[in-house]
Amino acid sequence: MPARTSRSRLLFSGSDWDFKTLSRMHDAIKAISDEELQLDIYPVQMEIISSEQMLDAYSSVGMPLMYQHWSFGKHFLYQELLYRKGGRGLAYELVINSNPCIVYMMEENTAALQALVMAHAAFGHNHFFKNNYVFRQWTDAGSILGYLDFAKTYIARCEERHGVAAVEAVLDAAHALMDQGVFRYRRPPKLSTEKQRQGLRDRLEYEERSYNDLWRTLPRRKGEEETGEADRVAERKKSLNLPEENLLYFLEKHSLILEPWQREILRIVRVIAQYFYPQRQTKMMNEGCATFVHYIIMNALYDRGLISEGAMLEILRNHSNVVMQPSFDDPRFSGINPYALGFDMMQDIQRISTEPTAEDRDWFPEIAGNGNWREVLLDAWANHRDESFIRQYLSPTLIRKWRFFALDDKADEPFYEVASIHDERGYKKIRAALARSYDVGANGLDIQVVDVDLLGSRHLRLEHKVHDGILLEESGRDATLRHIRTLWGYDVTLVGVDSQTGAAIYERSTSQIGE
């Protein structure tokens, strides 16, 4: 480490801090952020919270303004027990994708840790939230806090008016469908479409009142029956915009048994599910960006003589813990650490831009040696999600460092086969395989509403696209079908279809399932 400058320049000394210290830290970090990284962030609002408040936020899917539900209380007790017994630590911060960006920092943090957290969350995550295209297209940072406040108040009023049990029954069913409550392939509708939905419900109710079952008994002319039935099916699918990937959206719009307050609760749950969907798509990039930013800023603070050697050692120890990747046979191993892989990829891009090898020049001719690592990273943070980022920037150097290789696992063979190793073809296959594993859309369940006759049996038909022969776990599948029936009110059938051949693999109906 270089020789230190005068202690009078230090932003803090020792572990204690106060709000003036935090203000000085923020100003110094902001200056480095502007000069060395050119970050573009939302205004920052920092809040200091206790460990119990952090546990409460943990239990409410990370949202301090969340509505009440019994599952959050159960989760709180579980997390608190682990924390009190030392089985699990707490995050040093919590950051909300909002405008202004709200950062919650633990009051127990030391001054050095507060500086690290501020750089990580208030600048790293903040920049990613504001600039990444997934967040820009699919979330509304300016309105989420107001919407959460509305949701919390609305559900509390529903509990007073309709009873806690009735509200929780709807929430239980809606929470079970949250993963199927997002739009993956098209932009979600704006929040101000209530009049349109009410108009559609009015039309359906009119059609239901004016329908006369005697028309069904009239004899049909030759050839008309088959053609007419096919046309009617096609017409009703077109009118309902089927197939529909968002089950909660479909149930909210078309269920004939739900009261208006129940529809609004479904809407609240799916809006929150949609809010978190971009975070699932960019987990590795988002954490890698924040870790890279705090690493650059903390080193710059030290190089400028603004933090002491002791503080820097504490920061490096915490940074090392964050990016530690346990081995596959380590009891702590739970998969690839997104902080570690993301941070390594950002550093690798910096290396390729400034000190490329001949191999880098072959693989990345556009960025190798251009010296503009900031522009490359700013562009990557803005225009990629995890899957495309890995596919674009994972280098052979990093594949060797991480000792990645590809395994083939065939169901009819009792062994694995090493399919790709560290050669030219192997690098491309390993990179493609790793990228696919981060594709949330491809790896999530593909279940869609494919047909329902609202004026007939009202039997709801769902289709599950089965990939690689992987079926649903039976008890979970049946429990979820019960939740759908609770919200739909009539029989529901789920058909599993092979995604390659289109052949039906299984069929399960709520008529086969008990209450």
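**Student:** So what about the overall build of the chain? Which residues, and what values?
**Tutor:** Each helix and strand in the chain was counted, giving 21 helices and 9 strands. Per-residue burial over the chain gives 47% buried out of 515 residues. Within the chain, contacts between residues separated by at least 24 positions form 74% of all contacts whose residues are at least 6 apart in sequence. Total accessible area computed for the chain in this model is approximately 26,600 Å², and 50% of it derives from carbon and sulfur atoms.

**Student:** Quick one: what's the story with a nonpolar patch on the surface, residue by residue and with numbers?
**Tutor:** The grouping of F405, L407, Y416, V418 and I421 at the surface amounts to a nonpolar patch, some 540 Å² of accessible area in total. Examined against the element boundaries, Y416 turns out to sit in strand β5 (residues 416-420).

**Student:** So what's going on with the packing of helix α7 (residues 164-176) against helix α11 (residues 260-281)? Residues and values would help.
**Tutor:** Closest axis-to-axis distance for the α7/α11 pair is 10 Å, and the angle between their directions is 40 degrees. One way to sum up the angle between α7 and α11 is to call them oblique. For α7 against α11, the interelement crossing comes out right-handed. Residues A166, V167, V170, L171, A174 and H175 of α7 lie in contact with α11, whose contacting residues are W261, Q262, I265, L266 and V269. Its residues assigned to classes, the contact of α7 with α11 comprises 9 nonpolar, 2 polar and no charged.

**Student:** An account of a negative patch on the surface is needed here, citing residue identities and associated values.
**Tutor:** Taken together, the side chains of D408, D409, D412, E413 and E417 make up a negatively charged region of the molecular surface. Among the structural elements, D409 can be located in strand β4 (residues 406-409).

**Student:** Residues and numbers for the pairing of strand β8 (residues 492-498), please.
**Tutor:** Taken across its 7 residues, β8 has 5 buried, putting it largely inside the fold. Both strand β7 (residues 460-466) and β8 contribute to a ladder of 7 bridges, which runs parallel. Paired with V466 across the bridge in β8 is D498. With respect to chirality, the unit in which β7 leads through helix α21 (residues 474-488) into the neighbouring parallel β8 is right-handed. As paired elements, β8 and strand β9 (residues 504-509) share 5 bridges and run antiparallel to each other. Note on β9: the bridge partner recorded for T493 is S509.

**Student:** Break down helix α12 (residues 283-303) for me, citing the residues and quoting the values.
**Tutor:** Spanning 21 residues, α12 covers 30 Å between terminal C-alpha atoms, matching the ideal 30 Å at 1.5 Å per step. A positive phi of about 75 degrees marks G305, the residue just after α12.

**Student:** Tell me about the packing of α12 against helix α17 (residues 386-393), and name the residues and values.
**Tutor:** At a closest axis distance of 7 Å, the pairing of α12 and α17 adopts a crossing angle of 70 degrees. Taken as axis vectors, α12 and α17 run roughly perpendicular relative to one another. Between α12, through K283, M284 and M285, and α17, the contact on the second element is made entirely by D386, F389 and I390. By residue class, the composition of the contact of α12 with α17 is 4 nonpolar, no polar and 2 charged.

**Student:** Could you give an account of the environment of T291, naming the residues involved and the relevant values?
**Tutor:** Residue position: T291 is located in helix α12. The class of T291 is buried, set by a relative accessible area of 0%. On a C-alpha basis, the gap between T291 and F343 in space is 6.1 Å, while along the polypeptide they are 52 residues apart. Residue contacts for T291: discarding those within four places in its chain leaves H120, H319, V322, V323, Y339 and F343.

Parameters at a glance
- Residues numbered from 1 in each chain as written.
- Predicted model: local features only at pLDDT ≥ 70, side-chain atom pairs only at ≥ 80, totals over all residues.
- Heavy atoms only, no water.
- Helix = DSSP H or I, 4+ residues; strand = E, 2+ residues; numbered from the N terminus.
- Buried < 20%, exposed > 50% of the residue type's maximum accessible area, 1.4 Å probe, protein only.
- Contact = heavy atoms within 4.5 Å.
- Areas by Shrake-Rupley, 256 points an atom, 1.4 Å probe, with all protein chains shown as cover.
- Patch = residues over 30% accessible without salt bridge, like charges linked within 9 Å, V, L, I, M, F, W, Y side chains within 5 Å.
- Salt bridge = Lys/Arg side-chain N within 4 Å of Asp/Glu carboxyl O.
- Axes fitted to C-alpha atoms, helices over the stretch in contact; angles between N-to-C directions.
- Parallel < 35°, antiparallel > 145°, perpendicular 65-115°, else oblique.
- Left-handed = near helix turned anticlockwise from the far one by under 90°.
- Nonpolar A, V, L, I, M, F, W, Y, C, P; charged D, E, K, R; others polar.
- Lys, Arg positive; Asp, Glu negative; His and termini not counted.
- Charge placed at Lys NZ, Arg CZ, Asp CG, Glu CD.
- Pairing = 2+ DSSP bridges.
- Right-handed = clockwise from strand over helix to strand, strands pointing away.
- Expected span 1.5 Å × (residues − 1).

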